[in-house]
Amino acid sequence: MNELGRIEDLPADYVAELKSHNLMPLWPNLRALLPPQKPRPSTVATHWPYAAIRPLLLKAGKLTPIEKAERRVLVLANPGHTLEKMQASAAMYLGMQLLLPGEWAPSHRHTPNAVRMVVEGEGAWSTVEGEKCPMLRGDLILTPTGLWHEHGHDGSEPVIWLDVLDVPLVHYLEASYHVNSGRQTPRSDHGERRYPRGGVVPAPVFERASKAYPMLRYPWADTRAALESLALDQPDLQAVQVTYVNPETGDHAENILGFYAMMLRPGQTLTLPARSPASVFHMIEGGAMVQIDGQRFNMKEADTCCAPGYTPITLANTSSTQPAFLFIADETPLHKKLGVYEVRA
Ligand code: GTQ
């Protein structure tokens, strides 16, 4: 490949004149914009052990009352993007949120989509568009774009969950904003009761189902049972994985990020191919060694890590007797919609 001209190769007064007209020469920056063969992601493989997060989050609970925080969150920031950008990858944001007994995080809605994966504690709930969703360990709760949501806690111990948002993308699009409001009035219908089995969905006769997001809570007990059933049915299946879908459309549960649960059989090692989207792994149960770009993370329960796109990832269950369960978030729906999704051999 031939060397392209550098900015220093141009007369300084010419460059100054270009800039005074809000113009830039492409060629000194062409390789940075379009690197050869594969992207040069800023996202670096990063491991956030829960043992490090938990005491610092509980300390935030002492230092900052909920009224001063609205959302009491420690952001899992990828150093490759600089910590100040508060992003895990190009499109993903991760935060660990703490709610103490009796606290209330007031209702708001925003343009970025969010999900919550419950990590610890009992008695908290999220109300999403009036649907009160109990938060039990391993549950996935959607708060898609534009839907009102608030969090409350009637239990006696701290509750902690992982927030996954597409805010870096929506912010980059200059489309990120929020609106606040008061308490929501709970409704009686619940998506998780309407869609208890994946194979059969309600067939309305007198009315059309009109909700864009018909299911908001995906109980862990059901997801775990689905994985165990899948593993039993297909003993040779390499990747025992389910996708969180919109039960009406079969599409991904949200528009931008994809969400999955994976079971690693006892002793299993699984290498995922290099794919264009970045991904996040969160250990729901058990432990796993995660190898990304020559880095090895010993993932214990409630640990989280992220991997850039275009790199193979190896997951190895650290137990030879127990299955391990992971929650995965990635940028697949976004890449597929934009036509940039790739799997490399
Ligand atoms: O719980 O609504 O981690 O609005 C960041 C922004 C959580 C939330 C975050 C939010 C929320």
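Procedures and definitions
- Residues numbered from 1 in each chain as written.
- Predicted model: local features only at pLDDT ≥ 70, side-chain atom pairs only at ≥ 80, totals over all residues.
- Heavy atoms only, no water.
- Buried < 20%, exposed > 50% of the residue type's maximum accessible area, 1.4 Å probe, protein only.
- Helix = DSSP H or I, 4+ residues; strand = E, 2+ residues; numbered from the N terminus.
- Pairing = 2+ DSSP bridges.
- Phe/Tyr/Trp six-rings, centres within 6.5 Å; stacked < 30°, edge-to-face > 60°.
- Salt bridge = Lys/Arg side-chain N within 4 Å of Asp/Glu carboxyl O.
- Contact = heavy atoms within 4.5 Å.
- Axes fitted to C-alpha atoms, helices over the stretch in contact; angles between N-to-C directions.
- Patch = residues over 30% accessible without salt bridge, like charges linked within 9 Å, V, L, I, M, F, W, Y side chains within 5 Å.
- Areas by Shrake-Rupley, 256 points an atom, 1.4 Å probe, with all protein chains shown as cover.
- Expected span 1.5 Å × (residues − 1).
- Arc of directions from axis to C-beta.
- Near = heavy atom within 4 Å.
- Polar contact = N/O pair within 3.5 Å; in protein donor to acceptor, adjacent residues only side chain to side chain.
- Nonpolar A, V, L, I, M, F, W, Y, C, P; charged D, E, K, R; others polar.

(A) Up close: the pairing of strand β15 (residues 269-272). Of the two faces of β15, only one is covered, namely that formed by Leu-270 and Leu-272; the face formed by Thr-269 and Thr-271 stays uncovered. Where β15 meets strand β20 (residues 313-317), four bridges bridge the pair, whose relative direction is antiparallel. Considered in β20, the bridge of Thr-269 is made with Ala-316.

(B) Structural view of the packing of aromatic side chains. Applying the stated criterion across every chain yields a total of four aromatic pairs. Ring centres of Trp-220 and Phe-325 lie 5.6 Å apart, and the angle between their planes is 85°; on these two criteria the pair is classed as edge-to-face. Here Phe-325 lies in strand β21 (residues 324-330) and Trp-220 lies in helix α6 (residues 220-233), a separation of 105 residues in the sequence. Between Tyr-244 and Phe-327, the aromatic rings sit 6.2 Å apart at their centres with planes inclined by 70°, giving edge-to-face as the arrangement. Here Tyr-244 is found in the loop between β13 (240-243) and β14 (258-264), whereas its partner Phe-327 is found in strand β21, with 83 residues between them in sequence.

(C) Representation of the pattern of salt bridges in the model. Throughout the structure, instances matching the rule amount to 14 salt bridges. Note that Glu-192 is salt-bridged to Arg-217, the shortest N-O span being 2.5 Å. Here Glu-192, found in helix α5 (residues 191-194), pairs with Arg-217, found in strand β12 (residues 217-218); they are 25 residues apart in sequence, far enough to count as distant. Judged on exposure class, the residue Glu-192 and its partner Arg-217 are both buried. It is possible to trace a salt-bridge network through shared partners that takes in Arg-187, Asp-189, Arg-194 and Lys-211.

(D) Structural view of the sheet that holds strand β5 (residues 114-120). With antiparallel pairing, six strands are arranged side by side in an open sheet as β2-β3-β10-β5-β8-β12. Only two strands of the sheet have a single neighbouring strand rather than two, namely β2 (73-75) and β12. As judged from the two bridges shared by strand β8 (residues 140-143) and β12, these two strands associate in the antiparallel manner. Bridging across to β12, Leu-140 finds its partner in Tyr-218. Along the sheet, helix α3 (residues 50-63) makes contact with β2, β3 (93-99), β5 and β10 (159-165), crossing β3 at roughly 50°.

(E) Geometry of a nonpolar patch on the surface. Nonpolar side chains collect at one region of the surface, where Tyr-14, Leu-26, Trp-27, Leu-33 and Leu-34 lie side by side and expose about 540 Å² of accessible area between them. Structurally, the position occupied by Leu-33 is in helix α2 (residues 30-33). Since its relative accessible area comes to 60%, Leu-33 is described here as exposed.

(F) Representation of α6. Between its first and last C-alpha atoms α6 spans 20 Å; for 14 residues at 1.5 Å apiece the expected length is 20 Å, and the two agree. All of the buried residues along α6 are Trp-220, Thr-223, Leu-227 and Ala-231. What you see down the axis of α6 is that its buried residues fit within an arc of 70°, all on one side. In α6, the exposed residues that point more than 90 degrees away from the buried face are Ala-221, Leu-232 and Asp-233. Those residues of α6 that are buried lie in contact with β12, β13, β14, β16 (279-285) and β21.

(G) Representation of the site of the ligand within the structure. Residues in close proximity to the ligand include Arg-71, Val-73, Tyr-93, Gln-97, His-108, His-110, Arg-116, His-149, His-151 and Asp-163, which together make up its full environment. Between the ligand and His-149 there is a distance of 2.9 Å, counted from an oxygen atom to a side-chain nitrogen or oxygen. Asp-163 has a polar side-chain atom sitting 2.8 Å from an oxygen atom of the ligand. The fraction of the free accessible surface of the ligand (290 Å²) that becomes covered by protein chains is 87%. Elements represented by at least two residues in the shell around the ligand include exactly β3, β4 (104-110) and β9 (149-153). Residue classes in the shell around the ligand are distributed as two nonpolar, five polar and three charged.

(H) How the structure looks around the pairing of strand β6 (residues 124-128). The element β6 is extensively covered by neighbouring structure, given that five of its five residues are classed as buried. Where burial is concerned, the two faces of β6 agree: the one with Ala-124, Ser-126 and Val-128 and the one with Trp-125 and Thr-127 are both buried. Note that β6 and β9 share five bridges and pair antiparallel. Among the inter-strand pairings, Thr-127 is bridged to a residue of β9, identified as Glu-150. As defined by bridge partners, β6 adjoins strand β7 (residues 131-134) across four bridges and the pair is classed as antiparallel. Looking at β7, one finds that Thr-127 is bridged to Lys-132. Once β6 ends, the chain turns through two residues before running back antiparallel as β7, passing Glu-129 with a positive phi of about 50°.

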